[in-house]
Amino acid sequence: MTIAGFDPTGGAGVSGDLKTIAAHNCYGVAVVTSLVVQSTSALLGRHDVSAAVVSQQIQALAEDMPLAAVKVGMLGSAANVEAVAAAIEKYAPPFVVLDPVFRSTSGAELLDAEGVEALRAQLLPRVTVITPNIDEAARLTDQTISSIEQMRAAAAALHAAYGVRVVITGGHLEKPQDVYYDGDNYSVFAGDRIPSENTHGTGCAFSSAIAANLALGKSLPDAIVLAKAYVTKAIEKGYALGRGQGLLNHLYRLQGSTQARPVVVTEMAESHTAGHR
Ligand code: PXL
């Protein structure tokens, strides 16, 4: 299950997440927390769904089918943070991956200040792993982060404060490196910088790919490594669509695979009619 905003470009938010989940051979269901009016070049509006309706969506699905893993992304309001925290408490899914989304790449606010406080108090302590980028980790720890050492320190501070496992993504660093801390050990996952502008939705895809890999039974470190490889390829194969930031290719794995063949209708029709003569 993805619980996130709707981004009409399909790069980020629930539509990107559903494609990511499908790319992992999992079945995704989606709970919409906000309608974000945007194109690749501008964010024009944010229309949060009421907390009551967010709760209803989760209830309808959680009482209907087992949830192997949940990804939580953009929430919009403190009321939505509280609704999601209460649902996690009630339905206790085996894994919850939280991407603490505060702002869009263009700088628009996607969670208000009250929401950030609610996230700290109610959501961070209840999830399996959080996947902040450097800016989000800096905001959550009130520290500045510009080196691997500072990423480690922030991961340790977040673990100490919330008892949660932490991956801080450093995709914006010159040499992209993610720092993972599980409370005992640090790992640094180094990646390749892809010279591409088609990165809209990267954070969303990373967190839903981790959730999908956990749903498939992978360990958390393996899920992170696999998610990083998936996102790297999705950027490399991205779409330079639109006037602004280009989009990930969530379904790159379909390309080059065997296409479904149309059924040869004439043969079918003959044998079919034959039986009825
Ligand atoms: O990338 C952050 C993000 C997350 N979720 C939604 C968004 C965005 C950025 O625009 O629209 C729904």
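All of the points below concern the structure found in this document. Keep in mind it's a predicted model, so treat the numbers as computed, not measured.

Below, the discussion takes up the sheet that holds strand β6 (residues 129–130). Ordered by their spatial adjacency, nine strands build an open sheet running β3-β2-β1-β4-β5-β6-β7-β8-β9, and the pairing between neighbours is mixed. Lying at the two open borders of the sheet, with one neighbouring strand each, are β3 (43–48) and β9 (186–190). Most of the contacts of helix α6 (residues 148–162) go to strand β8 (residues 177–181), to which it runs at about 30°, and overall it touches β6, β7 (165–168), β8 and β9.

Here we come to the packing of aromatic side chains. Counted by the stated rule, this structure contains three aromatic pairs. Between Tyr-230 and Tyr-252, the ring centres sit 5.6 Å apart and the planes meet at 35°, which makes this aromatic pair tilted. Placement of Tyr-230 in helix α8 (residues 220–236) and of Tyr-252 in the loop between α8 and α9 (265–274) is noted, with a sequence separation of 22 residues between them. Taking relative accessible area as the criterion, Tyr-230 reaches 1% and is therefore assigned buried. Over the aromatic face of Phe-102 sits the side chain of Arg-139, whose NZ or CZ is 5.3 Å from the ring centroid.

Okay, the pairing of strand β1 (residues 2–6) next. In terms of burial, β1 is a largely internal element, four of the five residues being buried. Relative to strand β4 (residues 70–72), β1 runs parallel, the two being bridged by two bridges. Each residue of the ladder has a partner; that of Thr-2, found in β4, is Lys-71.

This part takes up helix α4 (residues 113–123). Along α4, the residues that are buried comprise Gly-115, Val-116, Ala-118, Leu-119, Arg-120 and Leu-123. At its buried positions, α4 is contacted by β4, α3 (78–91), β5 (96–98), α5 (134–141) and α6.

Taken together, the side chains of Phe-6, Leu-35, Val-37 and Leu-44 make up a nonpolar region of the molecular surface, amounting to roughly 340 Å² of accessible area. Note on placement: Phe-6 falls in strand β1.

This brings us to the site of the ligand. Residues in close proximity to the ligand include Gly-5, Asp-7, Ala-12, Gly-13, Val-36, Gln-38, Met-74, Val-101, Ser-104, Leu-110 and Cys-204, which together make up its full environment. A distance of 2.6 Å separates an oxygen atom of the ligand from a polar atom in the side chain of Gln-38. Looking at the shell around the ligand residue by residue, the class counts come to six nonpolar, four polar and one charged.

Definitions and cut-offs
Residues numbered from 1 in each chain as written. Predicted model: local features only at pLDDT ≥ 70, side-chain atom pairs only at ≥ 80, totals over all residues. Heavy atoms only, no water. Pairing = 2+ DSSP bridges. Helix = DSSP H or I, 4+ residues; strand = E, 2+ residues; numbered from the N terminus. Contact = heavy atoms within 4.5 Å. Axes fitted to C-alpha atoms, helices over the stretch in contact; angles between N-to-C directions. Phe/Tyr/Trp six-rings, centres within 6.5 Å; stacked < 30°, edge-to-face > 60°. Buried < 20%, exposed > 50% of the residue type's maximum accessible area, 1.4 Å probe, protein only. Lys NZ or Arg CZ within 6 Å of the ring centre and 35° of its normal. Patch = residues over 30% accessible without salt bridge, like charges linked within 9 Å, V, L, I, M, F, W, Y side chains within 5 Å. Areas by Shrake-Rupley, 256 points an atom, 1.4 Å probe, with all protein chains shown as cover. Salt bridge = Lys/Arg side-chain N within 4 Å of Asp/Glu carboxyl O. Near = heavy atom within 4 Å. Polar contact = N/O pair within 3.5 Å; in protein donor to acceptor, adjacent residues only side chain to side chain. Nonpolar A, V, L, I, M, F, W, Y, C, P; charged D, E, K, R; others polar.

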